Amino acid sequence: MTSAAQGPAAGRTWWTRALVASFASMIAALAALTPARAQDEPDAEALDQPGGVVVVGVPGLTWSDISASETPALWDLAGAGATASMSVRTIGSWTCAEAGWVSLGAGERAGGAAPRDAHCMAQSRIPAPVSAGGEWTVPHFDELEEANAAYNYGARLGSLAEAVDQLAVEQAEAAEEAAAAGEEPVEVREGLCVAAIGVGAALAAADPEGNLAFWGEDLDALPEAMAACDIVIVDPGVIVGDDAGDAEDTTTDYDALGEDDADVPLDEEDTAAGEETEPDPIRVAAASEADEAIGDVAAALPERWRLMVAGIADSAAPSSLHPVLYAGHGIEAGSLTSATTGRDGYVQLVDLAPTALDVVGADVPAAMSGRPASVEADPAHSSEAAVAAGVDETQASAAVAEVGWKFYGTLAALGVAAVAAAVWLLIGPDRLRPLARTVCVAVSAIPVAGVAAGIPPWWRADNPELAFWLVIAAGVTVLTAAAWLPGLRAGRRAALMVAGVTAGLIAVDQFTGATWPLHTPLGYTAQAGARFSGLGNYSFAVFAAAVVLIIALTPWRGRARHIGPVVLGAAATVLVGAPSLGGDVGGMLTIVAALVLACLSLWGRRLSIGGLAWAGGLAAAVFVAAGVLDYLRPEADQTHLGRFVGAVLEGSAGGVLLRKADSAISSIGTPLTYLVAAAAVGAWLIWRRRSPIRSASTEAATVGLVAVAVIGFSVNDSGIAVPGFATAVGFGLLAIAVGPRPEPPGPEAPARTETAGTARGEA
C-alpha cells in the first residue's frame, strides 16, 4: 500500500503505471501467442481438386455399431480414411433425424418442425418431396423455416445449396467478363449443384425456398445424381436404434426445443455408461442394412471423388457421440478436426456442410457457424484403433453426463454447509471452529478435485460413477489434510495453498492441451458440443476465483505489492484469453475487470466511478485487441474470440448475445442458485455482525470475487454456474484467511492499528 509520505499524487501514479503496464504486457503476450495470418501460398491440392463428394447420413449410427463382422464397409472406411467423433447437438439435449438433416443443409444448429419425443418417433417420419412442373420440392419447408425462426440461432435453411448456386453464378459471370474483355478463359466447373437421394437427404439438399436440383428415391438414382451434381447427399432410409414397433411416446413432449432437457424419462432397458449388454438384434440388423448401402455407394464412387459417412442424429434420448468417416481422393488415414472444435478427432454436425463446400471450392457463407474439417495424417491409424478410440470417447462423454448433475447438486448442498461454516468461523463462538475450518477447506477443494478427476480414465472402470467419486474424495482428502500441516495452519496460508493448487492445476491443463475438463463435470462433454478445447465457463470461474485470492492474500512487500499483482494478473489474462490457450471470450472480459478492481482495492483505492471506468475500459481494450488479433488469423484457425469479432462485423452478433443472455437467465433455479443465495445471506450476516474488517487484502479479495460472480454471470451463457463455482472456491477460503474475530486488547495492551492488524493477518 502506498505510504503516506508518498502523497496522493504519487499513489495515483503507482496504480496508473501498474494498470498501464498490465495492459501493455497482456497485449504483448496475446500478440506473441497469436500466429499471424498465413501468407497466400500455392495450394498443392488445388492442382488436383476432387471431382465431388457423397455424404451419407445414418441417424443413430454410433461407434459401437461398427465392427469387422457386422459392418465390413464401415470398418474398411474407418481404416482407409480420416475419422472423428461428432457432436450432433443442435437445439436441445438430443437431436432427432429431422433436425439432423436440416442442420446438415444449414451448416448451423437447427431444429425440426415435428414434436420431439424421447424416442424421436415423430421427427423420424419425414415426408417425401413432391413434384410440381418437373421440379422437386420439400412439402413442409415453410413449417421448418417458421420453427427455426423462433430458435434464435440464425439458421438459414438451405445454405448449402445456396452457397453452391452462388459459386456457379460467380463462375459464370467471371467467364462472361473474361470473354467480353478478350482475356484468358475462366474455367467454369460443371456440376455445381446439390443432389439428394432419400427423403431425409432432401431436407439437407434443398435451397432456401425448399426446391431441389435433383432428387432420387433410392440408390438406383445414384449414378444419375453424381453425373448431375458434385455434391450428393444420401439417406439410405435406415435409423440405427429405431424400433418401428414401439408406440409413439406421448407422455414426454419435448417440443420446447432449446431447453436443457436433462431429465429424460427412459425405458428400463436403457443402460448406464460403461455397462455391457447383449447386442440388440434390431440395432445390429439396421447397422448391417446401412453398411450394405454404404458399400454400394463406395463401389459406385467415381474416380477422384470422396465419401463421407456420418451418424447425423440420435435415434433417441439421451444424446451420444457419432462417427464421421471421410475417405477417397486426397484423404490420408488419420483423424479429422475443425476450427469449431480445435481438437484432433472431434468435429460437429455443422462442419459437414462447410466440408462439402470445400470440396467444390465454394466459400463458407456467413450464415454457417461450421468450418471445413481438416485431416491430421497418422501412419499408425487403423480401423481397430479408430473404432476403439471412438467407443472410449463416447463412453467418457456418457459417463460425465451421468455423474454431472449429481456433482452439481452435491457441490451446491455441501457449498451451503460451507457457507454456514464460514459464517460460524467469522462470527460464531469458539467451539466447533476447527470443524468449521475443515468444512471450508474441504468444500473449496471439490472444484479442483473435479478438474483433477479428468487425469485418470475413471469412465473405464467397472463402476464409473463409484470411481469418479473416489477420485473426488481422494483429492479433497489430500488438500484438507495438507491444510492442517504445521506450516499451513496459521493465517491465510491454507487458503493460499488451496488457491495455488487450483490455479496451478488448471494452468498446467491449459498448457498441456486442456484435456482434463473434457472428461469431468468441470468442462463440457464432447457430445454437448459447447467447447472442446480451451477454458470452459465452469473451469474459468474456479480459476478466476483462485487467482483473485492469490493476488489479494499474498503478503506482498514494497514494490512487489504493485509488480506482483500486475504480473500474475497479466499471466492469468493471457491464459484465459489467448486463442492458443483458454480462448474464453466472456472470461477475458470478466477476469480483467475483476483483477483491476481487486488491485485498486489492494493498493488502497476505494471503489469509485473512476475505478469502475478503469476496469471496464481496460477489459474492453484487452478484449478488442485479443479479438482482432485472433480475427486476423486464417479463418480455419480462429477461435471463439475471432469468430465473435467476425459476427460483430457481419452484424449477426446481436442474435448471439441474445441467445447467451437467455441461456444465462434460464440457468437461475439450478442447484448452484441455492449456493449463491446462501452466500448472499452469509455475507449479509457477516457484514451485520463484524463490519468493517479493516484489511486491504480482505477488501481486495471480496471485491474481486464479487466482480467475478457478477460480471461472469452477465457475460457468460453458463449464467448462475459462474458465481456458483466462484462461491464454492472463494467463500470458505476467504473466511479462513480472515479468521475469527481477535480478542479485544487488555486494559494495558496498546490498541492495534489497521496497519498492524493487516500485517499480522498477512504473516
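In this report, we go over the structure that sits alongside the text. (Residues numbered from 1 in each chain as written. Predicted model: local features only at pLDDT ≥ 70, side-chain atom pairs only at ≥ 80, totals over all residues. Heavy atoms only, no water.)

## Looking at the overall build of the protein
- Scanning the protein from N- to C-terminus turns up 23 helices and 13 strands.
- Expressed as a percentage of contacts within the protein between residues at least 6 apart in sequence, the contacts between residues at least 24 apart total 77%.
- Just so you have it, the protein exposes about 31,700 Å², and 58% of that area is on carbon and sulfur atoms. (Helix = DSSP H or I, 4+ residues; strand = E, 2+ residues; numbered from the N terminus. Contact = heavy atoms within 4.5 Å. Areas by Shrake-Rupley, 256 points an atom, 1.4 Å probe, with all protein chains shown as cover.)

## Details of the packing of helix H14 (residues 537-553) against helix H22 (residues 721-738)
- Running from N to C, H14 and H22 point in directions that differ by 25 degrees, and their axes come no closer than 8 Å. With respect to their mutual orientation, H14 and H22 come out roughly parallel. Between H14 and H22 lies a crossing of right-handed hand. Within the contact between the two elements, H14 uses Asn537, Tyr538, Ala541, Val542, Ala545, Ala546, Leu549 and Leu553 and H22 uses Ala721, Val722, Phe725, Ala726, Val729, Gly730, Leu733, Leu734 and Ala737.
- When grouped by side-chain class, the residues that make up the contact of H14 with H22 number 15 nonpolar, two polar and no charged. (Axes fitted to C-alpha atoms, helices over the stretch in contact; angles between N-to-C directions. Parallel < 35°, antiparallel > 145°, perpendicular 65-115°, else oblique. Left-handed = near helix turned anticlockwise from the far one by under 90°. Nonpolar A, V, L, I, M, F, W, Y, C, P; charged D, E, K, R; others polar.)

## Focus on the environment of serine 697
- Secondary-structure assignment places serine 697 in helix H21 (residues 696-715).
- Residue serine 697 is classed as buried on the basis of its relative accessible area, which comes to 0%.
- For serine 697 and isoleucine 551, which are 146 residues apart along the polypeptide, the C-alpha to C-alpha distance reads 8.6 Å.
- Among the polar contacts listed, one links the side chain of serine 697 to the side chain of arginine 492, at a separation of 2.9 Å. (Buried < 20%, exposed > 50% of the residue type's maximum accessible area, 1.4 Å probe, protein only. Polar contact = N/O pair within 3.5 Å; in protein donor to acceptor, adjacent residues only side chain to side chain.)

## So, the pairing of strand S11 (residues 334-337)
- Direction of pairing for strand S2 (residues 82-87) relative to S11: parallel, over a ladder of two bridges. By the bridge assignment for S11, alanine 82 is matched with glycine 334.
- For S11 and strand S13 (residues 374-377), the ladder comprises four bridges, and the chain directions are antiparallel. By the bridge assignment for S13, serine 335 is matched with glutamate 376. (Pairing = 2+ DSSP bridges.)

## A short note on the packing of H14 against helix H15 (residues 560-577)
- The interhelical angle for the contact between H14 and H15, taken along N-to-C directions, is 175 degrees, at an axis separation of 10 Å. When the axes of H14 and H15 are compared, the pair comes out roughly antiparallel. Across the interface between the two elements, Phe540, Phe543, Val547, Ile550 and Ile551 of H14 pack against Pro565, Leu568, Gly569, Ala572, Leu575 and Val576 of H15.
- When the residues that make up the contact of H14 with H15 are grouped by side-chain class, the tally is 10 nonpolar, one polar and no charged.

## Remarks on the pattern of salt bridges
- Summed over all chains, the structure comprises seven salt bridges.
- Here arginine 156 and glutamate 162 are joined by a salt bridge, their closest N and O atoms 2.8 Å apart.
- The exposure class assigned to arginine 156 is partly exposed, which follows from its relative accessible area of 38%.
- Beyond isolated ion pairs, a larger network of salt bridges with shared partners links Glu402, Lys406 and Glu465. (Salt bridge = Lys/Arg side-chain N within 4 Å of Asp/Glu carboxyl O.)

## So, the environment of alanine 420
- Topologically, alanine 420 is positioned in helix H10 (residues 383-427).
- Alanine 420 sits in the partly exposed class, given a relative accessible area of 46%.
- Sequence separation between alanine 420 and alanine 679 is 259 residues; the distance between their C-alpha atoms is 8.6 Å.

## Overview of a nonpolar patch on the surface
- Taken together, the side chains of Val681, Trp684, Leu685 and Trp687 define a hydrophobic patch exposed on the protein surface, amounting to about 440 Å² of accessible area.
- Within the secondary structure, tryptophan 684 sits in helix H20 (residues 671-690). (Patch = residues over 30% accessible without salt bridge, like charges linked within 9 Å, V, L, I, M, F, W, Y side chains within 5 Å.)

## Describing the sheet that holds strand S3 (residues 130-132)
- Ordered by their spatial adjacency, three strands build an open sheet running S3-S4-S6, and the pairing between neighbours is antiparallel. Pairing within the sheet leaves two strands with one partner each, and these edge strands are S3 and strand S6 (211-212).
- Pairing between strand S4 (residues 135-137) and S6: two bridges, direction antiparallel. Pairing of tryptophan 136 across the sheet is with leucine 212, part of S6.

## Details of the state of the cysteines
- Counted by the stated rule, this structure contains two disulfides.
- The partner cysteine of cysteine 96 in its disulfide is cysteine 120, sulfur to sulfur 2.0 Å. Across the S-S bond of cysteine 96 and cysteine 120 the torsion is about -75 degrees, and the bridge reads as left-handed. Here the residue cysteine 96 occupies a position in the loop between S2 and helix H3 (97-106), and cysteine 120 occupies one in the loop between H3 and S3, the gap between them amounting to 24 residues.
- By relative accessible area, which is 1% here, cysteine 96 ends up buried.
- According to the relative accessible area criterion, cysteine 120 is buried, its value standing at 1%.
- There is a disulfide in this structure between cysteine 193 and cysteine 229, and the S-S distance comes to 1.9 Å. (Disulfide = S-S within 2.5 Å.)

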